[in-house]
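Here are the chains, one letter per residue:
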Amino acid sequence: MIIVPIKEGENLERALKKLKRKFEKTGVVRELRDRQKFTKPSVKARERRLKAIYVQRLQQQMLDK
């Protein structure tokens, strides 16, 4: 259960924004989407590997500049 303490006189919009941020950090929506379809372990491993390659290239480009 996500609890967002609201200070006296705090704007409701700001409180909703905090709630939304906390909800996204928990990863509930992402997990729900992942569970809607089955993905083979080999496909998951391939996606992780491609992401790692992409991140490594970005880091290398930052070092080259």
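Our structure is the block above this text.
Just so it is clear, the model here is predicted, and its values are computed rather than measured. (Residues numbered from 1 in each chain as written. Predicted model: local features only at pLDDT ≥ 70, side-chain atom pairs only at ≥ 80, totals over all residues. Heavy atoms only, no water.)

Draft legend 1. The side chain of Glu10, seen in detail. In this structure, Glu10 sits in the segment before helix H1 (12-26). Within the local environment of Glu10, its side chain forms a polar contact with the side chain of Lys18, the two groups lying 3.1 Å apart. (Helix = DSSP H or I, 4+ residues; strand = E, 2+ residues; numbered from the N terminus. Polar contact = N/O pair within 3.5 Å; in protein donor to acceptor, adjacent residues only side chain to side chain.)

Draft legend 2. View of the environment of Val55. Secondary-structure assignment places Val55 in helix H3 (residues 41-64). Since its relative accessible area comes to 34%, Val55 is described here as partly exposed. Distance from Val55 to Phe23, taken between C-alpha atoms, is 26 Å for residues 32 residues apart in sequence. (Buried < 20%, exposed > 50% of the residue type's maximum accessible area, 1.4 Å probe, protein only.)

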